[in-house]
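Overview (structure and organization)
The residues making up each chain are set out below.
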Amino acid sequence: MLTNLPEEIVRYLVEELPPFTGLLIVKTDEEGKIEGYYGQYVDYFTEEPKTGDYIHDYSPALFSMVPPLVSPMVLNKIKSQTNNYADIHIVDSDSDSYWVIFMDQTNEVEKIQDILQKINSGKLKAETGKSENNSLFDVFSYLQISIVGDKIGTVVGSLPMWFRKLNTKINESDKVLYTELFPYLEVFEYEAIEFWNQSKNGNLKSGIWTETTKDGSELVLNAYAVYYEDEKYLLIGEVESGIDGAQTSLQMARDQKLAYEKLEKAERKLKTLLDYKDKFVSIVSHDLRSPVAAVLGIAEMLLNDKQEISKLNDFNQDMLQNIKDEMLRLLDYNDKLYHWSNLELGNFEVVKEKNNLLKIIETAQRTAEQKMKLKNIRFSTNLKDNHFIDVDSTLFLQVMNNLMGNAIKFTPENGSISIDVNVKDGKTLISVNDSGIGMPLEVSKNIFSGFARNSSLGTGGEKGTGLGLGIVKKIIDAHNFEVFVESEINKGSSFIISI
Amino acid sequence: MIKKKVVMLGSFAVGKTSLVQQFVNSIFSEKYQTTIGVKIDQKNVNLNGQEVNLLLWDIHGNDDYQKVKPAYLMGASGCFVVIDGTRKASLNVANELIETVNSTVPNAVVLILINKSDLKDEWEIDTFDIDNLKSRGFQIIETSAKTNTGVDDAFTTLTNLMLS
Ligand SMILES: Nc1nc2c(ncn2[C@@H]2O[C@H](COP(=O)(O)OP(=O)(O)OP(=O)(O)O)[C@@H](O)[C@H]2O)c(=O)[nH]1
Ligand SMILES: [Mg+2]
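Calculation notes
- Residues numbered from 1 in each chain as written.
- Chains lettered and ligands numbered in written order.
- Predicted model: local features only at pLDDT ≥ 70, side-chain atom pairs only at ≥ 80, totals over all residues.
- Heavy atoms only, no water.
- Core = buried A, V, L, I, M, F, W, Y, C linked by side-chain atoms within 4.5 Å.
- Buried < 20%, exposed > 50% of the residue type's maximum accessible area, 1.4 Å probe, protein only.
- Contact = heavy atoms within 4.5 Å.
- Donors = N, O, S within 2.8 Å, 3.2 Å for Na, K, Ca; no water.
- Helix = DSSP H or I, 4+ residues; strand = E, 2+ residues; numbered from the N terminus.
- Buried area = accessible area lost by both parts, 1.4 Å probe.
- Salt bridge = Lys/Arg side-chain N within 4 Å of Asp/Glu carboxyl O.
- Polar contact = N/O pair within 3.5 Å; in protein donor to acceptor, adjacent residues only side chain to side chain.
- Nonpolar A, V, L, I, M, F, W, Y, C, P; charged D, E, K, R; others polar.
- Pairing = 2+ DSSP bridges.

This part takes up the nonpolar core. Judged by nonpolar contacts, the single largest core of 59 residues is most densely connected at Leu143, Phe182, Leu185, Leu234 and Ile236 of chain A together with Ile112 of chain B. Not counting the four nearest positions on each side in its chain, Ile112 of chain B is found in contact with Val81, Ile83, Ile98, Leu133, Phe138, Gln139, Ile140 and Ile141 of chain B.

Residues and elements named next belong to chain B. Ligation of the magnesium ion (ligand 2) by protein atoms is provided by Thr17 (OG1) and Thr35 (OG1), these donors lying 2.0 to 2.1 Å from the ion. On the criterion of sequence distance, the pair formed by Thr17 in helix H1 (residues 16–25) and Thr35 in the loop between H1 and strand S2 (38–47) is long-range, its members being 18 residues apart. Judged by relative accessible area, Thr35 falls into the buried class, the value being 15%.

The next thing to look at is the interface of chain B and chain A. Residue-level contacts link 29 residues of chain B with 29 residues of chain A. When chain B packs against chain A, the two sides together hide about 2,700 Å² of surface, and 57% of this comes from carbon and sulfur. Applying the counting criterion to the chain B and chain A interface returns three salt bridges. Across the pair Arg268 of chain A and Glu124 of chain B runs a salt bridge whose closest N-O atoms are separated by 2.6 Å. At the junction of chain B and chain A, the tally comes to 11 residue pairs in polar contact (both at pLDDT 80 or more). Contributing elements (two or more residues each) for the side of chain B that touches chain A: strand S1 (2–10), S2 and strand S3 (50–59) of chain B. For the side of chain B that touches chain A, the leading source of residues is S2 of chain B, giving four residues. Residue classes in the side of chain B that touches chain A are distributed as 13 nonpolar, eight polar and eight charged. As paired elements, strand S10 (residues 209–212) of chain A and S2 of chain B share two bridges and run parallel to each other. Bridging across to S2 of chain B, Thr210 of chain A finds its partner in Lys39 of chain B.

In structure tokens, the structure reads:
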């Protein structure tokens, strides 16, 4: 049994079909192979439809058209295994599923034709005076109004059970202002008059409406304008089955939509909060930069002043050096925070231009030279010639600097780092490889999320922010490129950018 | 007695049925039961000694599943366009419906209700939206069908507008 119907099917049901009677919906694939069903199968099938069976084994009328099912398609008044008549609607949904919808037709149309016949024979009998016409209508659940003038009709036949539950004084054979009795009919009347004036045998269905009974429960009604042998009638009846089906599927769909709207709202709220956080970080890191840079400047000035520095003992000289190193680190961290929060806020623009990759690599190498020297790391690249790529030069250089910095951090002394460039299937692959300590899968999976590595220490005890790779990922995403990592413990890591 | 047709319009689940039920029967239900067709309720209101019979047409919500038929509006003297203060999307639907009203029953009085005022903390409709509606000449009343706030005021105001 299916519990969820896709949106298109609910819409189809509500727009095309109500009021539903005896609704059965079977979900199949293109070939007609059953995937599930919704509603009462007993009206049409002698056995419960089994997943994997073919729909035409249950409804032979479909045999001629499978496979594949044709959609949209309506087959009218098809006799079913249980001898009921059904309209069969075939609809397909976005998800490549087919929906075979069975609607009971044994009732509606035939009932009305039946009524018309009885009205007619009743009239005949009334005319010949052989019978009271009232008794003829007892079996019917329709309130029958014979139209005699503008908005005025006479109740013919007996009052149906449902009508007696309403708070009204109308009796059999009474004249009624039907639009007063059921204000809803004011709207239907426009169409009904047009229909009656065509003077053609047939009937026209109204929409459905609800009335409240004396005991406070609800009645769902609909009406038919009928023209038959020069007479105009209004038949009003209770919509019994089917309305529940429509109610349920519509309720389900709207409940779902409400829940979805709530989720979206929560998401919007969260986004605002995150933006606040990023703005806060952006402002603080921006304002922190000057004082930090000032302290760093003073420390550097002192360290560079040979005369002054010689006045300090070794211990204090070391302390001063420490102040400078830590301030440098703080400044770097601060800059990264500033940068990262602005990337998060989307406060940047990617201006792609033709840039020489060779130049970019050389610049990145130069920037990293000092640090590589400290750990005696060898650097190489396989790129010997000019190679042009469409990137934002400032942002992309930042990516390369971050990847180089990361590689140095996790490569032990006397190790090596290389940047290799390969062209494959029209894509340029740039990989930054190191002979470092590598990382386990759990780490590499989340490596680009920013703050990811819990800022683990580098091989030389280097402290990190964990923000560097987050920045890399954001910039690469903004270029519509891809970046991924391949790593093996104690062998090293490769960060690969695919352009 | 004067008879006036009033139509409740708005997106689904904004509280059209709840407002009518609170006004007519003084009841409120937390449970959401979507309206399928049309439900018509009546209530007499006494305005300055004048008795007016209001025919309240509670119509199903307007969305992709069920579209409000312009025929429902015929003969209406007044329309409530209901917005759910907690759902921004219901404002867009309200604007669409105002268009429908203007083209179908241009002489009908329109009163905008922003419902669920008991949930002000969760409102997404802000003063900017409200000022925008006001600048377009609409009268707006904030209501809560749940706490019965502004409900009588809404119906009395609309009746007054319809009579004048
Ligand atoms: N908190 C709060 N909830 C409300 C208020 N008005 C309605 N609701 C709730 O909102 C939901 C929808 O209310 P309905 O009155 O059924 O809405 P509707 O506009 O008639 O919906 P449709 O018939 O589907 O178009 C229900 O769960 C109500 O309990 C209100 O003023 N405050
Ligand atoms: Mg409703």
